[in-house]
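Fold and geometry: a report
Here are the chains, one letter per residue:
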Amino acid sequence: LRQLLAEARGLRVAPSRSGALQQRVDDAASWWARAADAVSGVTSVEELDTLLRQAEETSVPPADRAPLLDKAALCRWWRERAAAAFVKEGCRLSLGESLAGDGHYELTTPDGGWGAHFACSFCTGESRYETAQFMIGCDACDRWYHGPCVGVDKKAADQMTEYVCLFCCRKSGTPYKHGS
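Counting starts from 1 at the beginning of each chain's written sequence and moves along it residue by residue. In view of the model being predicted, local features appear only for residues whose pLDDT reaches at least 70, and side-chain atom pairs are presented and counted only at 80 or more, with totals across whole chains, interfaces and linings using the full set of residues. Each side-chain value is derived from all of the structure's non-hydrogen atoms; neither hydrogens nor water enter the calculation.

**Overview of the environment of methionine 135**
Put simply, DSSP H or I for four residues or longer makes a helix, DSSP E for two residues or longer makes a strand, and each gets a number counted from the N terminus. Tracing the backbone through its elements, the reader meets methionine 135 in strand E1 (residues 135-137). Looking at methionine 135, the relative accessible area reads 27%, which means it is partly exposed. Spatially, the C-alpha atoms of methionine 135 and valine 150 are 9.9 Å apart, while their sequence positions differ by 15 residues. The buried label goes to any residue with under 20% of its type's maximum accessible area, the exposed label to any with over 50%, and the partly exposed label to all in between, with areas taken from a 1.4 Å probe on protein chains only.

Quick look at the structure:
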């Protein structure tokens, strides 16, 4: 298109819809620049998805899309590995939410119901095994945990007069009494 527009200008011909043609040329140049930046630099999965959707819509040849597809697959692979390391199976929180959170999660759902799946400040998991377990509250920070998530069984919890969580122990430099 760029070459055709240049030839038309050289012949002093004004093709109908030359403005629309020039816009397509400019859009294509912008896409190629963004795609090159995405492949060689730091980018988000969302930007890669946008570029791939635009490539599909504008019939960019598959071979030219391949580097974007490869980088998108690599990003997804990394995100899955990171999520597996930071977010327990069944948790409704995204990787970003769990990393950005402070460990305090609401105990009620938006409709006012009980949301035990958000109660544990350690796991924030939703598996039936975890949410069916008893809860223990830290007397230093008021965070709540599933007993098994923090290494405390029900019998030991019932005998405690005070519980201080792993995070508060680390903060104060005192050893955690219930495991690592």
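**Let's talk about the pattern of salt bridges**
A side-chain nitrogen of Lys or Arg and a carboxyl oxygen of Asp or Glu constitute a salt bridge if their distance falls within 4 Å. Scanning all chains against the criterion turns up 5 salt bridges. A salt bridge links glutamate 47 to arginine 34; the shortest N-O distance between them is 3.2 Å. A residue pair is termed long-range when its members are at least 10 positions apart, and glutamate 47 in helix H3 (residues 45-57) and arginine 34 in helix H2 (residues 18-40) qualify at 13 residues. A relative accessible area of 28% places arginine 34 in the partly exposed class. In this structure, the salt-bridge partner of lysine 154 is aspartate 158, at a minimum N-O distance of 3.0 Å. With a gap of 4 residues between them, lysine 154 and aspartate 158 both fall in helix H7 (residues 154-159), about one helical turn apart. The class for lysine 154 is partly exposed, based on a relative accessible area of 44%.

**Quick notes on a nonpolar patch on the surface**
Together, Leu74, Trp77 and Trp78 make up a nonpolar patch on the protein surface, roughly 380 Å² of accessible area in all. Take tryptophan 78: it is sitting in helix H4 (residues 62-86). Candidate patch residues must exceed 30% relative accessible area and have no salt bridge, after which like charges are joined if within 9 Å and Val, Leu, Ile, Met, Phe, Trp or Tyr side chains if within 5 Å. The accessible surface values rely on the Shrake-Rupley method and a 1.4 Å probe; as for residues, cover is taken only from the protein chains in view.

**Brief notes about the packing of aromatic side chains**
Each aromatic ring pair is summarised here by two numbers: the centre-to-centre distance and the angle between the ring planes. Only the six-membered ring of Trp is used, alongside the rings of Phe and Tyr, when aromatic pairs are assigned; centres must lie within 6.5 Å, and planes under 30 degrees apart are stacked while those over 60 apart are edge-to-face, with the rest tilted. Counted by the stated rule, this structure contains 4 aromatic pairs. Here tyrosine 145 and tyrosine 163 contribute two aromatic rings whose centre-to-centre distance is 6.4 Å and whose plane-to-plane angle is 70°, an arrangement assigned as edge-to-face. One end of the pair, tyrosine 145, is in strand E2 (residues 144-146); the other, tyrosine 163, is in the loop between H7 and helix H8 (166-172), with 18 residues separating them in the sequence. This pair shows no difference in class: tyrosine 145 is buried, exactly as tyrosine 163 is. Where tyrosine 145 meets phenylalanine 167, the ring centres are 6.4 Å apart and the plane angle is 25°; that geometry is what we call stacked. Linking tyrosine 145 in strand E2 with phenylalanine 167 in helix H8, this pair joins segments that are 22 residues apart in sequence.

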